[in-house]
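What follows is the residue order along each chain.
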Amino acid sequence: MSDKRFTPDENLKKLGKQVRQLRKGRKWSQQKLSDISGLAVRTISRIERGVMNPSFEVLAALVDVLGISFDFLFASPDDQDTGLQEMIGLYRACPKQGQRLILASTRAMVYELINTDAESK
């Protein structure tokens, strides 16, 4: 992450821009995000404009419905791993049994790749 320091107002604007981009990337209106998250449209609008400092509970609701991690909300565009965020979103969209299957499969693939890489050296 960069060492650039932001003022509170800049951080709120950065957060708002990130939420807006994530919402629009899913082709959701503020109303749809409101319906899914249970947050008021006015709250979403104020966050996106950078004029509201959302509570932890509000951020948790956004993270949950957008299928992202908390750090993704605050990462600069250079630090964002969109592939990882897509995987997180897909994982979260699955029922618990599906999540266990994804984790077991991913673990097996990673171990295989690590072993293959070690053997080729």
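Residues numbered from 1 in each chain as written. Predicted model: local features only at pLDDT ≥ 70, side-chain atom pairs only at ≥ 80, totals over all residues. Heavy atoms only, no water.

Put simply, helix α2 (residues 30-37) and helix α3 (residues 41-48) touch, their axes get as near as 8 Å, and they point 120° apart. You can see that α2 and α3 cross each other, and the crossing is right-handed. In this structure, α2 uses Q30, Q31, L33, S34 and S37 to contact α3, whose residues at the interface are V41, I44, S45 and E48. Among the residues making up the contact of α2 with α3, the classes are represented as three nonpolar, five polar and one charged. (Axes fitted to C-alpha atoms, helices over the stretch in contact; angles between N-to-C directions. Helix = DSSP H or I, 4+ residues; strand = E, 2+ residues; numbered from the N terminus. Left-handed = near helix turned anticlockwise from the far one by under 90°. Contact = heavy atoms within 4.5 Å. Nonpolar A, V, L, I, M, F, W, Y, C, P; charged D, E, K, R; others polar.)

A word on the side chain of Q99. By secondary structure assignment, the location of Q99 is in helix α7 (residues 96-120). Polar contacts involving the side chain of Q99 include one to the main-chain carbonyl oxygen of C94, which spans 3.3 Å. Those residues within four positions of Q99 in sequence are excluded, and the remaining contacts are Y91, R92 and C94. (Polar contact = N/O pair within 3.5 Å; in protein donor to acceptor, adjacent residues only side chain to side chain.)

Approximately 150 Å³ is the volume attributed to the second largest pocket. Around the second largest pocket sit M87, L90, Y91, I102, L103 and T106, which together line it. For the lining of the second largest pocket, the secondary structure elements donating two or more residues are α6 (82-93) and α7. In terms of residue class, the lining of the second largest pocket is made up of five nonpolar, one polar and no charged. (1 Å grid on protein atoms, 1.4 Å probe; cavity = no way out; pocket = protein on both sides within 12 Å on 5 of 7 lines; lining within 4 Å. Points joined across faces, edges and corners; volume = space filled by probe spheres on them.)

This part covers the pattern of salt bridges. Summed over all chains, the structure comprises two salt bridges. Notably, a salt bridge pairs E48 with R20, separated by 3.9 Å at the nearest N-O pair. Of this pair, E48 sits in helix α3 while R20 sits in helix α1 (residues 8-25), and the two are 28 residues apart along the sequence. Judged by its relative accessible area of 3%, E48 falls in the buried class. Across the pair R23 and E48 runs a salt bridge, and its minimum N-O distance is 2.6 Å. Here R23 is found in helix α1, whereas its partner E48 is found in helix α3, with 25 residues between them in sequence. The two residues R23 and E48 agree in class, both being buried. A single network of salt bridges, built from pairs that share partners, joins R20, R23 and E48. (Salt bridge = Lys/Arg side-chain N within 4 Å of Asp/Glu carboxyl O. Buried < 20%, exposed > 50% of the residue type's maximum accessible area, 1.4 Å probe, protein only.)

On the surface, F56, F70 and F74 cluster together to form a nonpolar patch covering roughly 300 Å² of accessible area. Given a relative accessible area of 38%, F74 falls into the partly exposed group. (Patch = residues over 30% accessible without salt bridge, like charges linked within 9 Å, V, L, I, M, F, W, Y side chains within 5 Å. Areas by Shrake-Rupley, 256 points an atom, 1.4 Å probe, with all protein chains shown as cover.)

Before going further, it helps to examine the nonpolar core. Judged by nonpolar contacts, the single largest core of 19 residues is most densely connected at L33, L62, L66, I68 and L73. Of all the secondary-structure elements, those providing two or more residues to this core are α1, α3, α4 (56-66) and α5 (70-74). In terms of residue count, the dominant contributor to this core is α4 (seven residues). With residues up to four places along the chain from it excluded, the contact list for I68 reads L22, R26, V63, L73, Q85, I88 and R92. (Core = buried A, V, L, I, M, F, W, Y, C linked by side-chain atoms within 4.5 Å.)

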